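Letter by letter, the chains look like this.
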Amino acid sequence: MTDIPAATNGVAASLRARINTDQPHTARIWNYWLGGKDHYEVDREAGDRIRQLHPGIGEYARADRLFLGRAVRHLAGEVGIRQFLDIGTGLPTADNTHEVAQRIAPESRIVYVDNDPLVLAHARALLTSTPEGRTDYLDQDLRNVDAIVEHAAKTLDFSEPVALILLGVVIFIGDDEDPYGLVRQLTDRLPTGSHLVLSHTITSPSMPDVDEAVRFWNEHGTPKLTQRTPADVARFFDGLQLLEPGVVSCSRWRPEPAAGPEPAEVAMFGGVARKG
């Protein structure tokens, strides 16, 4: 079942009014790089320009998506978690959190959170659930912790472990907004046995083209993003028990067994940690 409100003409009109088709938006560009269809010409132009500056950017999007799948499969299959709070959901594509989790445990419950009106417009049609499980969608900003937790508690039982998923979303929280404190506020609300799954674009002297692409984005796109070093990303897991192999390139977090070489490193780092 799903608790996503039925679309009405009024709601649809309100959502359309909030969608800015004159400025590229990160969720739509990400969808473009992943081969989706939910983007506009302005997004394709910006996405192509960023790809010219940094040709490997499409691989980052795919690596982040595959990281999500591996992390959710581990948490649902090996750890036994049945509740997922996915903040910064982005536009639905293949193998969304609920699809991966409910494939393993149909009774899993998932709450998606995003503040992009285009994501909300697609949520009812694409973020559905198994009959045994439940999905919900919240139109809310990551910064509004109290509102997120209050709404999510209608679907999730916060006395039982929850997997908090923050993929590529903390990059939009500036250093002046206390991003580490914000993540800590969320993890503090979770019981022992919960897990944090987080990914973040990095800056590194070995990847100068990434910095150039980010500068282009911050001049032309929305929302603006903040890069951080791998060590800075690791700080988001302070006080938690990091699972092996720690905070690494998303492509190298427990990759599927293969006969080939180690996957190439991408400038999107991530990790999974347990709250003890």
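Residues numbered from 1 in each chain as written. Predicted model: local features only at pLDDT ≥ 70, side-chain atom pairs only at ≥ 80, totals over all residues. Heavy atoms only, no water.

- For the protein, an unreviewed UniProt entry supplies the name SAM-dependent methyltransferase and the organism Streptomyces nogalater.

## Considerations on the overall build of the protein
Step number 1: On a plain count of helices and strands, the protein comes out with 10 helices and 8 strands.
Step number 2: Within the protein, the fraction of its 276 residues that count as buried is 54%.
Step number 3: Partitioning the contacts of the protein with sequence separation of at least 6, the portion at a separation of at least 24 is 73%.
Step number 4: For the protein, the exposed surface amounts to about 12200 Å²; the carbon and sulfur share of it is 51%. (Helix = DSSP H or I, 4+ residues; strand = E, 2+ residues; numbered from the N terminus. Buried < 20%, exposed > 50% of the residue type's maximum accessible area, 1.4 Å probe, protein only. Contact = heavy atoms within 4.5 Å. Areas by Shrake-Rupley, 256 points an atom, 1.4 Å probe, with all protein chains shown as cover.)

## Looking at the nonpolar core
Step number 1: With 80 residues, the main nonpolar core has Phe84, Leu85, Ile87, Leu142, Leu166 and Leu198 as its most contacted residues.
Step number 2: Broken down by element, this core gets its largest block of residues, 9 residues, from helix H4 (residues 57-79). (Core = buried A, V, L, I, M, F, W, Y, C linked by side-chain atoms within 4.5 Å.)

## Brief notes about the environment of Ser206
Step number 1: Tracing the chain through its elements places Ser206 in the loop between strand E5 (195-201) and helix H9 (208-220).
Step number 2: Counting along the chain gives 61 residues from Ser206 to Ala267, while the straight-line C-alpha distance between them is 9.8 Å.

## A closer look at empty space enclosed by the protein
Step number 1: A full pass over the atoms with the stated rule returns 1 cavity of 30 Å³ or more.
Step number 2: Looking at the largest cavity, its volume works out to about 40 Å³.
Step number 3: Lining the largest cavity, in full, are Thr187, Leu190, Ser194, His195, Leu196, Leu240, Ala273, Arg274 and Lys275.
Step number 4: Of all the secondary-structure elements, those providing two or more residues to the lining of the largest cavity are E5 and strand E8 (268-274).
Step number 5: Of the residues belonging to the lining of the largest cavity, the class tally is 4 nonpolar, 3 polar and 2 charged. (1 Å grid on protein atoms, 1.4 Å probe; cavity = no way out; pocket = protein on both sides within 12 Å on 5 of 7 lines; lining within 4 Å. Points joined across faces, edges and corners; volume = space filled by probe spheres on them. Nonpolar A, V, L, I, M, F, W, Y, C, P; charged D, E, K, R; others polar.)

## Considering the environment of Trp253
Step number 1: Position of Trp253 among the secondary structure elements: in the loop between strand E7 (248-249) and E8.
Step number 2: With 10 residues separating them in the primary sequence, Trp253 and Leu243 have C-alpha atoms 9.8 Å apart.
Step number 3: Apart from residues lying up to four places away in sequence, Trp253 is in contact with Phe67, Arg70, Ala71, Glu244, Pro245, Gly246, Val248, Gly270, Gly271 and Val272.

## Regarding the pattern of salt bridges
Side chains carrying opposite charge are able to pair once their charged atoms draw close together.
Step number 1: For the structure shown, the criterion picks out 10 salt bridges.
Step number 2: Put simply, Glu107 and Arg82 hold a salt bridge, and the shortest N to O gap is 3.1 Å. With Glu107 in the loop between helix H5 (97-104) and strand E2 (109-114) and Arg82 in the loop between H4 and strand E1 (83-87), this pair connects stretches of sequence that are 25 residues apart.
Step number 3: For Glu107, a relative accessible area of 39% gives the class partly exposed.
Step number 4: Between Asp175 and Arg228 there is a salt bridge, with its nearest N and O atoms 2.9 Å apart. Pair noted here: Asp175 is in the loop between strand E4 (163-167) and helix H8 (179-188) and Arg228 is in the loop between H9 and helix H10 (230-234), with a separation of 53 residues, a long-range link.
Step number 5: What makes Asp175 exposed here is its relative accessible area of 56%.
Step number 6: Bridged by salt links that share partners, the residues Asp141, Arg143 and Glu177 form one connected network. (Salt bridge = Lys/Arg side-chain N within 4 Å of Asp/Glu carboxyl O.)

## Some remarks on helix H3 (residues 41-53)
Because each turn of an α-helix spans 3.6 residues, side chains separated by three or four positions in sequence point in the same direction.
Step number 1: For H3, with 13 residues, the first-to-last C-alpha span of 18 Å sits near the 18 Å given by 1.5 Å per residue.
Step number 2: Among the residues making up H3, those that are buried are Val42, Asp43, Ala46, Gly47, Ile50 and Leu53. Considered in projection along H3, the buried side chains sweep an arc of 130° and stay on one side of the axis. (Expected span 1.5 Å × (residues − 1). Arc of directions from axis to C-beta.)

## Re the packing of aromatic side chains
Step number 1: In the structure shown here, the tally under the stated rule is 2 aromatic pairs.
Step number 2: Their ring planes at 80° and their centres at 5.6 Å tell us that Phe67 and Trp253 sit as a pair that is edge-to-face. Note that Phe67 is positioned in helix H4 and Trp253 in the loop between E7 and E8, a separation of 186 residues in sequence. We note that Phe67, like Trp253, is buried.
Step number 3: Sitting above the plane of the Tyr180 ring, Arg235 keeps its charged end 3.8 Å from the centroid. (Phe/Tyr/Trp six-rings, centres within 6.5 Å; stacked < 30°, edge-to-face > 60°. Lys NZ or Arg CZ within 6 Å of the ring centre and 35° of its normal.)

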